[in-house]
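Chain residues, written in single-letter form:
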Amino acid sequence: MRISLVMPSFNQGRYIGTALASALDGPDAADEVIVLDNLSSDGTADVLAGFAVRHPGRLTVLRAKDGGQGNALNRGFGMVTGDLAGWLNADDVLAGGALARMRSLFAARPDLVLAHGQARWIDAEGRDLGPYPTRPDGLLHDFREGCFVCQPTLLLRRAALPALGPPAGIFDETLETAMDLDLWLRAWKRYPGKIDFLPEVQALQRRHGAAKTDRLRASVFVESMKVLHRNGLNVPERWPLSYAEEVAAGTAPAKGWPAVRAAYGDVAGPEALAILDARIASDPGFAVLHSHPSSSSRAR
């Protein structure tokens, strides 16, 4: 069973060699890796050239300006030839044995369309930061409480891709941070009962200052609430409150709060927004938000 991996890349020269080695080196390897490099200027090209020599015929590199990560992913997924397809970011790492376990799982279950697994966070230096909050029994409605899928652990049958998106591609190119969540929601809606989970650690997802998850924190919340709503799921107050808690803890920027608050109002309605505003205003733990011109009901 052939596996194809798509890897969008932009100035991740510090990490991309480790990512490629996890995908291409050793007996547990992908049959095809397609790198879409957005004209990186940090030495990435030299790393890619070295791996192309080491793995002739299995690494395809396209270096060209893209229209964002979603655009690069759509181009890459449009090129895959494997039976199974996945997405590995240039700063993440596949765990040893991950692809072999996936091959065995899909071979044993011809009906299976999608599978994902356990994962762990690592920092810029590769040090363990703890488990990613995956769950083996997650159903569509469970996404309301947060994304429980770690993106580099997931593989899809290539034959299922056309049913998950328009001819332009399976990823919504208007999204900057939640194009993966949007795809998972559509997959969980379309293929109930045809999704499985591996209880082993399948990947290590890296957290560092330049990663989108941290750098564009407010956008993660805004876009996630948007795609939950458009896929027919109500958005609990837990989403904006989680962002407020991150601001209070100093791990998210206060300047992102107005956008998160407004996005919640758009999807949950004015009554829910008023309840949120009252909660924020009455809690001294959110003092950093109290004085913000868009954080209170008076500003609406």
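This text follows the structure it describes.
These figures come from a predicted structure and were not determined experimentally. Sequence positions are assigned chain by chain, starting from 1 and proceeding in written order. This being a predicted model, a pLDDT of at least 70 is required before a residue's local features are given, and a value of 80 or more before pairs of side-chain atoms are given or counted; all residues contribute to the totals for chains, interfaces and linings. With hydrogens and water stripped out, all remaining heavy atoms of the structure feed into the side-chain values.

As for the packing of helix H9 (residues 257-268) against helix H10 (residues 270-282)
Which entries qualify depends on this criterion: Lines fitted to C-alpha atoms define the axes, with helix axes restricted to the stretch in contact, and inter-axis angles between N-to-C directions lie between 0 and 180 degrees. Per the convention used, a helix needs a DSSP run of H or I reaching at least four residues, while a strand needs a run of E reaching at least two, with both numbered from the N terminus. A contact between two residues is defined here by any heavy atoms of the two lying within 4.5 Å. Polar here means any residue other than Ala, Val, Leu, Ile, Met, Phe, Trp, Tyr, Cys and Pro, which are nonpolar, and Asp, Glu, Lys and Arg, which are charged; Gly is therefore polar.
Here H9 crosses H10 at 145 degrees, and the two axes come no closer than 7 Å. In this structure, H9 contributes Trp257, Arg261, Tyr264, Gly265 and Ala268 to the contact, and H10 contributes Pro270, Ala272, Leu273, Leu276, Asp277 and Ile280. Of the residues that constitute the contact of H9 with H10, the class distribution is eight nonpolar, one polar and two charged.

Regarding the layout of surface pockets
We count it as follows: Cavity means a closed set of points on a 1 Å grid over the protein atoms alone, one where a 1.4 Å probe fits but cannot get out, pocket means an open set with protein on both sides within 12 Å along at least 5 of 7 lines, and lining means a residue has an atom within 4 Å of a point. Grid points are joined across faces, edges and corners, and a volume is the space filled by probe spheres set on the points.
In this structure, the largest pocket occupies an estimated 1400 Å³ of space. Every residue lining the largest pocket is counted, 50 residues in all, and those nearest its centre are Thr177, Asp180, Lys212, Thr213 and Val220. Elements that contribute at least two residues to the lining of the largest pocket include exactly strand S1 (3-9), helix H3 (69-77), helix H5 (179-190), strand S9 (195-206), helix H6 (212-215), helix H7 (217-230) and helix H8 (238-249). Of the residues forming the lining of the largest pocket, the biggest block, four residues, is contributed by H7. A breakdown of the residues in the lining of the largest pocket according to their chemical character gives 20 nonpolar, 17 polar and 13 charged.

Comments concerning H5
To keep it simple, the criterion reads: An expected span of 1.5 Å times one less than the residue number is assigned to each helix. Here the term buried applies to any residue with accessible area under 20% of the maximum for its type, exposed to any over 50%, and partly exposed to those in between, with areas from a 1.4 Å probe on protein chains only.
Taking 1.5 Å of rise per residue, the twelve residues of H5 would be expected to cover 16 Å, and the 17 Å separating its terminal C-alpha atoms lies within 8% of that figure. In terms of residue burial, H5 counts as a mostly covered element, since nine of its twelve residues are buried. Three or more residues of H5 are buried, namely Met179, Asp180, Leu181, Asp182, Leu183, Trp184, Leu185, Ala187 and Trp188.

Thoughts on empty space enclosed by the protein
Going through the model one piece at a time under the given rule, you end up with two cavities of 30 Å³ or more. Size it by volume and the largest cavity reaches roughly 60 Å³. Taken together, Leu5, Leu94, Ala98, Leu99, Met102, Pro152, Thr153, Leu154, Leu155 and Gln202 form the lining of the largest cavity. Among the elements that make up the lining of the largest cavity, the one with the highest residue count is helix H4 (residues 98-108) (three residues).

Considering the pattern of salt bridges
Basically, it comes down to this: Salt bridge, as applied in this entry: a Lys or Arg side-chain nitrogen positioned within 4 Å of an Asp or Glu carboxyl oxygen.
Here the structure, examined in full by the defined rule, presents 17 salt bridges. For Arg109, the salt bridge goes to Asp196, with nearest N and O atoms at 3.2 Å. Taken together, the positions of Arg109 in the loop between H4 and strand S6 (114-122) and Asp196 in strand S9 put the pair 87 residues apart, joining distant regions of the chain. Across the pair Arg186 and Asp182 runs a salt bridge, and its minimum N-O distance is 3.1 Å. Taken together, the positions of Arg186 and Asp182, both in helix H5 and four residues apart, correspond to about one turn of that helix. Its relative accessible area of 3% is what places Asp182 among the buried residues.

Comments concerning the environment of Gly57
With respect to the helices and strands, Gly57 occurs in the loop between helix H2 (44-54) and strand S3 (59-63). Relative accessible area serves as the criterion here: at 81%, Gly57 is assigned to the exposed category. Sequence-wise, Gly57 and Glu32 are 25 residues apart; in three dimensions their C-alpha atoms are separated by 8.0 Å.

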